[in-house]
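Fold and contact review
Given next are the chains, with one letter for each unit.
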Amino acid sequence: MTADEPFISLRNVRKVYRSQGKEFLAVSDVTMDVREGELVSLVGPSGCGKTTVLKILAGLHEADGGTIRIGNAKTPFDPARDIGMVFQQALLLKWRTILDNVLLPAEIVGLPIKAARARARDLLHLVGLAGYEDKYPQQLSGGMQQRTAIARAFIHAPRLILMDEPFGALDALTREQMNLEMLRIWRESGKTILFVTHSIQEAVFLASHCAVLTAGPARMAEYFPIKLPFPRDLPIKTTDEFGAYARRIYASLGLGAGA
């Protein structure tokens, strides 16, 4: 893959669900390029098709139109090994320790367990959970459980991380803290991340690029870079530059005047 070649390329992607003889158009037209190492936020109203786009990228759904390419011939992409996923709920197994929950994908894909265990400990340190390896999920707060889920998504060294509203179930203060942690983890790991959210502020704060999807069926209203400097902290949300990006998204969604 050359420096100018996108890691992910979507062109006019379309998805139709069929049930009981009826058709429902979930995604009508999504086009975007994502370069390796970018964090792209997908923002839009609830039910607009953001999760469907992630499921298509993960290979869980087939598109009904358009083209999708991830990687290239020199570096073939295997969704089973090259994707890590984080959901709105942590979905941890309550009978496994935090360390063993992180190890689960490594066991599924058959990685050498000794090396995987060492990597799991390193990842728990990365997400701020060193010392919690032997705890169980019910002994952790919601934010700590989501940190565990993030570590689990990274354990098998995937090339692409798909995150579906991972902080949507957290309280406002914990969510702000997790946004800061997410930026740190992304910057330290260098992974390509697609991050679905319905929060406009979260979309602007986290992303290097933002995809704005309209109310379902999803259509790409805008796709643009967020040129705010890194590292970012919470006070950046009070700046005129941050506000301009937020207003641009509101305008794309028909919710207010543009910047």
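Look above for the structure.
Residues numbered from 1 in each chain as written. Predicted model: local features only at pLDDT ≥ 70, side-chain atom pairs only at ≥ 80, totals over all residues. Heavy atoms only, no water.

Brief notes about the overall build of the chain
To keep it simple, the criterion reads: Numbering of helices and strands starts at the N terminus; helices are DSSP runs of H or I of at least 4 residues and strands are runs of E of at least 2. Computation of the radius of gyration draws on C-alpha atoms, with the globule rule given as 2.2 Å multiplied by the number of residues to the power 0.38. Whether a residue is buried, partly exposed or exposed follows from its accessible area with a 1.4 Å probe, protein chains only, as a fraction of its type maximum: under 20%, in between, or over 50%, in that order. It only takes one pair of heavy atoms within 4.5 Å for two residues to be counted as in contact.
Of the regular secondary structure elements, the chain holds eight helices and nine strands. Its C-alpha atoms give the chain a radius of gyration of 18 Å, near enough to 18 Å, the size a compact globule of 259 residues would have. Its C-alpha atoms give the chain principal-axis dimensions of about 50 × 45 × 45 Å. Burial analysis of the chain (259 residues in total) assigns 49% to the buried set. Within the chain, residue pairs in contact and separated by at least 24 positions form 71% of the contacts whose partners lie at least 6 positions apart.

So, the packing of aromatic side chains
Definition in use: Stacked, edge-to-face and tilted are the three classes for Phe, Tyr and Trp ring pairs, Trp counted by its six-membered ring, which pair at centre distances within 6.5 Å; planes under 30 degrees apart are stacked, over 60 edge-to-face, the rest tilted. Remark: a charge is flagged as sitting over a ring if the NZ atom of Lys or the CZ atom of Arg is within 6 Å of the ring centre and within 35 degrees of the ring normal.
Tallied over the full model, the rule gives four aromatic pairs. Measuring from ring centre to ring centre gives 6.0 Å for Phe-7 and Phe-77, while their planes differ by 70 degrees; the resulting arrangement is edge-to-face. With a gap of 70 residues between them, Phe-7 in the segment before β1 (8-19) and Phe-77 in the loop between β4 (65-70) and α2 (79-82) connect regions that are remote in the sequence. Judged by relative accessible area, which is 17%, Phe-77 ranks as buried. Here the aromatic rings of Trp-186 and Phe-230 are separated by 5.3 Å at their centres, their planes lie at 65 degrees, and the arrangement is edge-to-face. Taken together, the residues Trp-186 in helix α6 (residues 172-189) and Phe-230 in the loop between β9 (218-225) and α8 (240-252) connect sequence positions 44 residues apart. For Phe-230, a relative accessible area of 26% puts it in the partly exposed group. Sitting over the ring of Trp-186, Arg-187 keeps its end group 5.7 Å from the ring centre. Its guanidinium or amino end placed over the ring of Phe-224, Arg-248 lies 4.0 Å from that ring's centre, counting from NZ or CZ.

A word on the pairing of β9
Counted only if it meets this: Any two strands between which DSSP finds at least two bridges are classified as paired.
Sheet topology places strand β2 (residues 22-34) next to β9; two bridges connect them, and they run parallel. Across the sheet, Asp-29 pairs through a bridge with Arg-219, a residue of β9. In the sheet, strand β8 (residues 209-213) pairs with β9 via five bridges, with the strands oriented antiparallel. Each bridged residue has a counterpart across the sheet, and for Cys-210 the counterpart in β9 is Phe-224. Linking β8 back to β9 in an antiparallel pair, the connection comprises four residues.

So, helix α5 (residues 142-154)
Put simply, the rule is: A helix's residues, less one, multiplied by 1.5 Å, set its expected span.
In a regular helix each residue adds 1.5 Å, so 13 residues correspond to 18 Å; α5 covers 19 Å between its end C-alpha atoms and thus fits that length. Among the 13 residues in α5, 11 count as buried, and that is most of the element. Listed in full, the buried residues belonging to α5 are Gly-143, Met-144, Gln-146, Arg-147, Thr-148, Ala-149, Ile-150, Ala-151, Arg-152, Ala-153 and Phe-154. Turning to α5, the residues buried within the fold contact β5 (83-86), α3 (98-109), α4 (113-126), β6 (160-164) and α6.

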